[in-house]
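For reference, the chains in residue letters:
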Amino acid sequence: MADKSLELYRDNNAEDSTSILQAPGLIFLEMKLLNLLILLFITIISVHALRGYSMDGSALNFLVGAGSVPFFSWKLPVCVAILSVCLLLLLSIPCNNHPELVGKIILEYGIALGICALTGFGYTGIVMLLLADTMRYRIDWKKRIIYVTAICIAFLAMSSNHMYNLLHVIPLSQMWAYYRQDVRSSLLSVLDMLSLLNTLVFILYMVVLTLSQTSEKERILRLNSQLQNANRKLEEYAQEQVRMTETRERNRLAREIHDTLGHSLTGIITGIEACIMLMDIAPEATKEQLRAIAKVARNGITDVRHSVNALRPDALETLDLEAAIRKLVEESESSTGVKIDLVFPEGLQDLDQDEEDVLYRIVQESITNAIRHGKATHIDVRMERVDNDLRIRIADNGKGCEDIQSGFGLHHMQERIDMLKGTLSYSGKDGFVIEAVVPIRVVSEEES
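The following refers to the structure shown. All values derive from a computational prediction rather than experimental measurement. (Residues numbered from 1 in each chain as written. Predicted model: local features only at pLDDT ≥ 70, side-chain atom pairs only at ≥ 80, totals over all residues. Heavy atoms only, no water.)

**Here's the deal with the side chain of Asp-133**
Looking at the element boundaries, Asp-133 is found in helix 5 (residues 127-135). The buried category is assigned to Asp-133, whose relative accessible area is 1%. There is a polar contact of 2.4 Å between the side chain of Asp-133 and the side chain of Arg-136. If near-sequence neighbours (up to four positions away) are discounted, Asp-133 is found in contact with Phe-28, Leu-91, Lys-104 and Glu-108. (Helix = DSSP H or I, 4+ residues; strand = E, 2+ residues; numbered from the N terminus. Buried < 20%, exposed > 50% of the residue type's maximum accessible area, 1.4 Å probe, protein only. Polar contact = N/O pair within 3.5 Å; in protein donor to acceptor, adjacent residues only side chain to side chain. Contact = heavy atoms within 4.5 Å.)

Have a look at this one:
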C-alpha cells in the first residue's frame, strides 16, 4: 500500500513538473496576443482620428500643430502589421549562442522602436516582450544582467521626449486630439488598463519562469539521484551475479568431480576387493580384473580433466548417449562383477547436449550408489519414452535404506533434474529404486 502511495505521489509530482515547465510558453503566447490586441486598438483609433481630420476640414490645423506629416491612413495599419509579424517571427526563433542572442535582441528592439514610432509612442510595453524572450534562455546571471540592463536603458530612451524630436514623431495624445475630452480620456484609460494588464502578465510570466527553472533544476537533481541509485543497484546486482556464477560453477565442478571420481573409485574399490578374494584361487582372473580396474581408473582421470575444463563427460564427447551409457554399463560390470541390465528406448537421438549430460550422470550416479552403498549384485536400468517425457527407473537388489538421508549424490542428482524441469523420486524399502521423469524439448521441422 505504501509503495502504491509513493508511486502515485511520484506520478503527481511528475505531472505538476510537466505543467510548470509548459506554463511559461503559454503565458508568453498570451503576452504576444495581448500586445497584438493593444497595437490593433491604437492603430484603429489613430486611423479613425486621421480620417476624421480629413473629413471635417481640420487637417491643416492638425499639420500645423503636429509640425510633421503623418502616414496616410491606409499605410499606418499595413506598416504596423508587417512590423508586428516580423517581431513575432523573431520572438519564435531560438538562439544557440550569445552572438546570435545579441543580434536577435538588436533586431527585435529596432522593430519595436519602429512600431512605437508609428503609433506615436503611446504604448512602449512591447519592450517587455523582448525582456520575456531574453529571460527564456539559460545564460549565466552576469550576462543576463547585462542584457536586461541594456533593454531597460533602451526602453527609457524610447519613452523620453527627445525621441519624438529625433524621429519627427507625432505624439499619440496629439493624434487623438480629434476626439472630445471625455472620449479621449476614456480611450486613454482603456489603453492604460491594457498596458497595466500587459505588465501584470509579464510579472506572472517571470514568476512562473523562475518556478519552472527551479523545478527543472530539482528534477535534474532528482534524476541524477535516481541515476546514482540505479548505478549503485546495478553494481550490487553485477556483484551478486558474479557471486552466484561462482557458486554455480563451484557446484557444477563439485557435481562433476563427485560423479566422475565417485563412480571410478567405487568401481576400483569393488574390483580390488574382488581381486583380493580371487588372487589365490584364480591368478589369471585376478590379472584380467586388474586390467579392467586400470581402464576404469584411466577413464576416471580423463573425466576429471574434462570436468575441470568445463567439458562434457569423455564418453559423450565421442559417442552418442546410448553408446556412452552402454559403455558405462560394460565398464561397471567388468570392474565390479555386478550384473547390470539395460533397456534403452529407440529414437532417442534428438536430445540437446544438456539433456544428454544429465541423463548420463543420473545413470552413472545411480549405479555408483547401488554398488557403493547398497552392495548390490544386480542392477536394472530401464529408460522409456512416453510422448515428450523420458521415464527412467533404476532398481537394484541391494540392502536398501528405509530412512533415506539425501546425501551429496542424491542432492546433485536432484539439482540436475531441476535444471531440466523434471521430477525425481526414490525408495529404499526393497533394494533401492530411483525414478525420474525428464521432459524432452520438442524441435519442430521448421526449427530443424
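**Points about the sheet that holds strand 2 (residues 378-386)**
If you walk across this open sheet you meet the 5 strands as 1-2-3-5-4, and the pairing is mixed. What marks the edges here is a single partner per strand, and that holds for strand 1 (339-343) and strand 4 (423-427). Between one strand and the next, the sheet's axes are offset by a mean angle of 10°, whatever the strand orientation. Sheet topology places strand 1 next to strand 2; 5 bridges connect them, and they run parallel. In the strand pairing of strand 2, Val-343 is matched with Arg-382. Along the sheet, helix 12 (residues 321-336) makes contact with strand 1 and strand 2, crossing strand 1 at roughly 170°. Running over the sheet, helix 13 (residues 353-372) touches strand 1, strand 2, strand 3 (389-396) and strand 5 (432-439) and is turned about 15° from strand 3. (Pairing = 2+ DSSP bridges. Axes fitted to C-alpha atoms, helices over the stretch in contact; angles between N-to-C directions.)

**Comments concerning helix 13**
The terminal C-alpha atoms of helix 13 lie 28 Å apart, and with 20 residues this matches the ideal 28 Å at 1.5 Å per residue to within 8%. Where burial is concerned, most of helix 13 is hidden: 17 out of the 20 residues are buried. (Expected span 1.5 Å × (residues − 1).)

**Details of the packing of aromatic side chains**
Taken as a whole and assessed by the stated rule, the structure comprises 4 aromatic pairs. Residues Tyr-178 and Tyr-179 carry aromatic rings whose centres are separated by 5.3 Å and whose planes lie at 75° to one another, so their mutual orientation is edge-to-face. Owing to a relative accessible area of 30%, Tyr-178 belongs among the partly exposed residues under this scheme. Taking 6.3 Å as the distance between ring centres and 15° as the angle between the ring planes, the aromatic pair formed by Tyr-426 and Phe-432 counts as stacked. (Phe/Tyr/Trp six-rings, centres within 6.5 Å; stacked < 30°, edge-to-face > 60°.)

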